[in-house]
Amino acid sequence: MRQNDPKPVDPAVKPARGLLHKRTSFEHFELTRFSPSDDLGEWVEHHWMILYDLGTRPPYTQRNLSHPNQHVVIDSRGETGIFGAATGVFETTLSGTGRVFATKFWPGAFRPFFGRAVSALSDSWVPVETVFSRTSAELQHEFAGLNDPLGMAERMEDLVRARLPEPDEKASLARRIVQFAEANLELVSAGELAGAFGLGLRALQRLFDEYVGASPKWVIDRYRMLEAVETLNAGAPNSLTDLAYRLGYFDQAAFNHAFEKLTGAPPKAFLAP
């Protein structure tokens, strides 16, 4: 393996985040992730692949909380394309045997490829040929003959390199702001986030519409909910009230309401029996 090649991501070092009922998820599929080659590290966060073989078991519906990213997805079920973030809960149903391979771009990084506001992709998708030199059907056919996930990552990286845009300062700024929101869960308002970067609220909202695909407030709230889901996936927190306060909610009732409104169930439903 050359130093520049994609490399597996250690889930113990960087666990996957956003899977609802993660304990049950991994009883139904395997998830593998790969870091990008060094030269694409400013554009691509990682590649990922899901393998599933349910045999005669009934179909399984996986529910996730999306991150503020765009993905190029190649799905053996035919659902191949460029996908934006799901602003609610993303659901997908697996049955029989199959696999899904995808390349996940950093927040802000897909706008220079797409050439227009990535908010157009939120809760939606477009064919791969909208941006890249290959069609969805071509990639579907090509990847069906590949059994090496690292080889799949290398093919996808060749596709990205052929369309590589010029560096974009606004894309880099958008990524830094999103990462700041992820790291500072005590933030509760878009005004606070804008102020941390010396921006006006309207300027931040325009930047996020163009480069992130969701509003600043959505990003703040989504990272708080992602943290809540991971805390619940890991086992019972000290108390749901403590978790609510840690995430900046006024009280547990406010946290419970926001969580149930998004996921359809109260936080306690996600705790192990």
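Structural notes, computed from the coordinates.

Cut-offs and rules
Residues numbered from 1 in each chain as written. Predicted model: local features only at pLDDT ≥ 70, side-chain atom pairs only at ≥ 80, totals over all residues. Heavy atoms only, no water. Helix = DSSP H or I, 4+ residues; strand = E, 2+ residues; numbered from the N terminus. Rg over C-alpha atoms; globule rule 2.2 N^0.38 Å. Contact = heavy atoms within 4.5 Å. Areas by Shrake-Rupley, 256 points an atom, 1.4 Å probe, with all protein chains shown as cover. Lys, Arg positive; Asp, Glu negative; His and termini not counted. Charge placed at Lys NZ, Arg CZ, Asp CG, Glu CD. Pairing = 2+ DSSP bridges. Axes fitted to C-alpha atoms, helices over the stretch in contact; angles between N-to-C directions. Core = buried A, V, L, I, M, F, W, Y, C linked by side-chain atoms within 4.5 Å. Buried < 20%, exposed > 50% of the residue type's maximum accessible area, 1.4 Å probe, protein only. Expected span 1.5 Å × (residues − 1). Phe/Tyr/Trp six-rings, centres within 6.5 Å; stacked < 30°, edge-to-face > 60°. Lys NZ or Arg CZ within 6 Å of the ring centre and 35° of its normal. Polar contact = N/O pair within 3.5 Å; in protein donor to acceptor, adjacent residues only side chain to side chain. Arc of directions from axis to C-beta.

For the protein, the count of helices and strands is 10 helices and nine strands. A compact globule built from 273 residues should have a C-alpha radius of gyration of about 19 Å, and the protein, at 19 Å, falls within 12% of that. Within the protein, counting contacts between residues at least 6 apart in sequence, those at least 24 apart form 71% of the total. Total accessible area computed for the protein in this model is approximately 12900 Å², and 53% of it derives from carbon and sulfur atoms. Of the side chains in the protein, 29 bear a positive and 34 a negative charge, and the two mean positions are spaced by 3 Å.

With that settled, the discussion passes to the sheet that holds strand β9 (residues 125-126). Spatially, seven strands are ordered β1-β2-β3-β8-β5-β6-β9 in an open sheet, and the strand pairing comes out antiparallel. The sheet is open, and its two edges are formed by β1 (7-8) and β9, each paired on a single side. Of the pairings in the sheet, the one linking strand β5 (residues 71-75) to strand β6 (residues 81-83) comprises three bridges and is antiparallel in character. Residue pairing across strands places V72 opposite I82, the latter belonging to β6. Set on the sheet, helix α3 (residues 136-144) makes contact with β5, β6 and β8 (97-105); between it and β5 the angle comes to about 55 degrees.

Turning to the nonpolar core, a few remarks are in order. With 36 residues, the main nonpolar core has L193, F208, V219, Y223, L247, F255 and F259 as its most contacted residues. Every element with two or more residues in this core is listed here: α5 (169-183), α6 (190-196), α7 (201-211), α8 (216-233), α9 (240-246) and α10 (252-263). Per-element tally for this core: the top contributor is α8, with nine residues. Those residues in contact with F208, other than ones at most four positions away along the chain, are I177, V178, L193, G213, A214, S215, P216 and V219. Residues F101, F113, V126 and L146 belong to the second largest nonpolar core, which totals 28 residues.

Once that is clear, we can look at the side chain of S25. Relative to the elements of secondary structure, S25 occurs in helix α1 (residues 22-25). Note on S25: relative accessible area 0%, which makes it buried. Sequence-distant contacts of S25, defined by excluding residues within four places in its chain, comprise L19, L20, Y60 and Q62.

Between its first and last C-alpha atoms α8 spans 26 Å; for 18 residues at 1.5 Å apiece the expected length is 26 Å, and the two agree. Judged by how many residues are buried, α8 sits mostly within the fold: 16 of 18 residues are covered. Residue G235 follows α8 closely and has a positive phi angle near 125 degrees.

Following the criterion strictly, the structure yields 14 aromatic pairs and no others. Ring geometry for F26 and F29: centres 5.8 Å apart, planes at 80 degrees, overall edge-to-face. F29 sits in the buried class, given a relative accessible area of 4%. With centroids separated by 6.1 Å and ring planes inclined at 45 degrees, the aromatic side chains of F113 and F132 adopt a geometry described as tilted. Here F113 is found in helix α2 (residues 111-114), whereas its partner F132 is found in the loop between β9 and α3, with 19 residues between them in sequence. With respect to class, F113 is no different from F132; both count as buried. Positioned over the ring face of W106 is R175, at 3.8 Å from the centre of the ring. Directly above the aromatic system of Y249 lies the positively charged group of R224, at a separation of 4.0 Å from the ring centroid.

Here we take up unusual backbone geometry. The backbone of H21 sits at a positive phi, close to 55 degrees, despite the residue not being glycine. Structurally, H21 can be placed in the loop between β1 and α1. One non-glycine residue, D123, adopts positive backbone phi at about 60 degrees. As for its placement among the helices and strands, D123 is situated in the loop between α2 and β9.

The subject of this paragraph is the environment of D75. Here D75 lies in strand β5. Separated by 116 residues in sequence, D75 and G191 place their C-alpha atoms 39 Å apart. Aside from chain neighbours lying at most four places away, what touches D75 is T80, R99, V100 and Q140. A polar contact is formed between the side chain of D75 and the side chain of R77, at a distance of 2.7 Å.

Turning our attention to α5. Here α5 contains 15 residues, and its C-alpha end-to-end distance of 21 Å stays within 8% of the 21 Å for a straight helix at 1.5 Å per residue. Among all positions in α5, only A171, A174, R175, I177, V178 and A181 are buried. The buried residues of α5 occupy an angular sector of 165 degrees when projected down its axis, which confines them to one face. Within α5, the exposed residues directed more than 90 degrees away from the buried face are E169 and A183. In this structure, the buried residues of α5 make contact with α2, α6, α7 and α8. A side-chain oxygen of the first residue of α5 lies 2.9 Å from the backbone nitrogen of K170; this N-cap is D168.

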